[in-house]
Amino acid sequence: MQLKDTFESVKKASKSLALLSDGQRNEILNAVADAIIASQERILKANGQDLAKMDKSNPLYDRLQLTGSRLEGIAADMRNVATLPSPLGHVTKQKTLPNGLRLCRVSVPFGVIGMIYEARPNVTFDVFSLCFKSGNACVLKGGKDADCSNREEVALIHEVLEKYSSLFNLHSSLKDVVALLPATHEATGEMLNAVGYIDLCIPRGGRRLIDFVRDTARVPVIETGAGVVNTYFDKDGNLEMGKAIINNAKTRRVSVCNALDCLLVHQDRLADLGELVELVRLSHVIIYADDQAYVALEGKYPYLEHATEESFGTEFMDYKMAIKTVGSLDEALAHIDKNGSGHSEAIITDDEATARKFQTHVDAACVYWNAPTSFTDGAQFGLGAEIGISTQKLGPRGPMALEEICTYKWLIEGEGQIRS
């Protein structure tokens, strides 16, 4: 393996993280946050090199772009992570057996977390902060679209880590607790086969990336990211509330995984559909409507097209949205069951019984009642930041932050007991 030396260095460095106190880790995170603000110019210059290679009309351009205000937000999130309680050393179960053995289950780091992501330069800082706070080393594999940004960011982190290695009189450098691999397919393959070095791999990106990682990896994987998101406007939905929720869910940031892809509307509310999508019209959102919705919107909505079967179950990541007419809550549930991705789903209704049934029966990590799916985010959930949104059921589900990237071990104490 060409990257074996890198993996070995990170694995070794992960052990040195245990020598740091939570206070020392927090001091370093705050120092990196300060460096982000102080070094905005060099980060934005590198980001500009990446942006120059992408067409501005590409909806992923917004996801790739860093700005001064976004860097300030990233630094604020990192400082927030530093204020959170340590997820390590928590006793989650404790008992004494009849034979006198004392059992204690305590939270510990995974060790080395591998992260594969696409054109998302903010993820580099988010993953580092969460991994470092939780005592995990990390191996990062970004996409080629953001490679200049990622390399500048990791160089900045390394500078701070080198400084604090000396300040804390550590025998080895902390620099190797974070490594950035080349932005090549070959590097992805080596990461996914780094058995014995990487304890957990997390892909964050579109469905193609996640499917490839799941089908290829020989190391443990947690699936995150892909979001085919639906919102159901019920016959008892509030029109003004619905307009605002749908607009926020669709247009706040179209390139993120919590953005709305399909609006389900009860057939009794088709007369209100034109007003319901009035705000998304201002963002020139293209609507792919089924036959009933098309008739309701024809002549009232300028960016209207006929839906096909492929329109439903598509993660658009663009100023595009499908509309499906349903005759009942059960029909809406069936549509979500067939086309959803287990990420985030929402209902807009004033009827509590309908809302509770929706939340009970929808199989997704996050299920909303009268709120937009745009809130599916680690920082919004009060978790500091997130390493991804897990859409699987085994292990973490939903926004993954500090607690979700820890595992546990059992500590057993005895006085010489022997098993018969």
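The paragraphs below set out a description of the structure included in this document. The structure displayed is predicted, hence computed values, not measured ones. (Residues numbered from 1 in each chain as written. Predicted model: local features only at pLDDT ≥ 70, side-chain atom pairs only at ≥ 80, totals over all residues. Heavy atoms only, no water.)

Two faces, one strand: in a regular strand the side chains alternate between the faces of the sheet. Counting buried residues along strand β11 (residues 320-326), 5 of its 7 residues qualify, which places the element largely inside the surrounding structure. Of the pairings in the sheet, the one linking strand β8 (residues 260-266) to β11 comprises 5 bridges and is parallel in character. Of the residues in β11, the one forming a bridge with L264 is K324. Alignment of strand β9 (residues 286-289) against β11, held across 4 bridges, turns out to be parallel. For I287, the partnering residue across the bridge sits in β11 and is M321. (Buried < 20%, exposed > 50% of the residue type's maximum accessible area, 1.4 Å probe, protein only. Helix = DSSP H or I, 4+ residues; strand = E, 2+ residues; numbered from the N terminus. Pairing = 2+ DSSP bridges.)

What follows concerns the environment of Y232. Turning to its location among the elements, Y232 is positioned in strand β7 (residues 229-233). For Y232, a relative accessible area of 0% translates into the label buried. In the structure, Y232 is positioned 101 residues away from L333 in sequence and 9.0 Å away in space, judged by C-alpha atoms. Not counting the four nearest positions on each side in its chain, Y232 is found in contact with L264, H266, V326, S328, L329, A332, A346, I347, I348 and F358. Polar contacts involving the side chain of Y232 include one to the side chain of D234, which spans 2.8 Å. (Contact = heavy atoms within 4.5 Å. Polar contact = N/O pair within 3.5 Å; in protein donor to acceptor, adjacent residues only side chain to side chain.)

A word on the state of the cysteines. In this structure the tally under the stated criterion is 0 disulfides. Take C138: it sits in no disulfide, and the sulfur closest to it among the cysteines is that of C131, at 4.6 Å. A residue is classified by how much of its surface remains accessible, and C138, at 0% relative accessible area, is buried. (Disulfide = S-S within 2.5 Å.)

Before going further, it helps to examine the pattern of salt bridges. Tallied over the full model, the rule gives 25 salt bridges. Here K133 ties to D22 by a salt bridge, and the two come within 3.1 Å at their closest N and O atoms. In this pair, K133 is assigned in helix α6 (residues 121-133) and D22 in helix α2 (residues 22-38), connecting sequence segments 111 residues apart. By relative accessible area, which is 0% here, K133 ends up buried. Its relative accessible area of 24% is what places D22 among the partly exposed residues. Notably, a salt bridge pairs K393 with D363, separated by 2.8 Å at the nearest N-O pair. Taken together, the residues span a long stretch of sequence, with K393 in the loop between β14 (388-390) and β15 (398-400) and D363 in the loop between α15 (352-361) and β13 (366-369) at a distance of 30 residues. Judged by relative accessible area, D363 falls into the partly exposed class, the value being 41%. If you follow the salt bridges from partner to partner, you end up with D211, R214, D215 and E223 in one network. (Salt bridge = Lys/Arg side-chain N within 4 Å of Asp/Glu carboxyl O.)

Taken together, the side chains of Y408, W410 and I412 define a hydrophobic patch exposed on the protein surface, amounting to about 320 Å² of accessible area. Of note, Y408 is situated in strand β16 (residues 406-413). (Patch = residues over 30% accessible without salt bridge, like charges linked within 9 Å, V, L, I, M, F, W, Y side chains within 5 Å. Areas by Shrake-Rupley, 256 points an atom, 1.4 Å probe, with all protein chains shown as cover.)

Our focus in this paragraph is the packing of α6 against helix α7 (residues 147-167). Their axes nearest at 8 Å, the elements α6 and α7 cross at an angle of 30°. What the angle tells us is that α6 and α7 run roughly parallel. Crossing geometry of α6 relative to α7 is assigned as right-handed. Here α6 contributes P121, T124, F125, F128 and F132 to the contact with α7, which in turn contributes S149, N150, E153, V154, L156, I157 and L161. Across the contact of α6 with α7, the residue classes break down as 8 nonpolar, 3 polar and 1 charged. (Axes fitted to C-alpha atoms, helices over the stretch in contact; angles between N-to-C directions. Parallel < 35°, antiparallel > 145°, perpendicular 65-115°, else oblique. Left-handed = near helix turned anticlockwise from the far one by under 90°. Nonpolar A, V, L, I, M, F, W, Y, C, P; charged D, E, K, R; others polar.)

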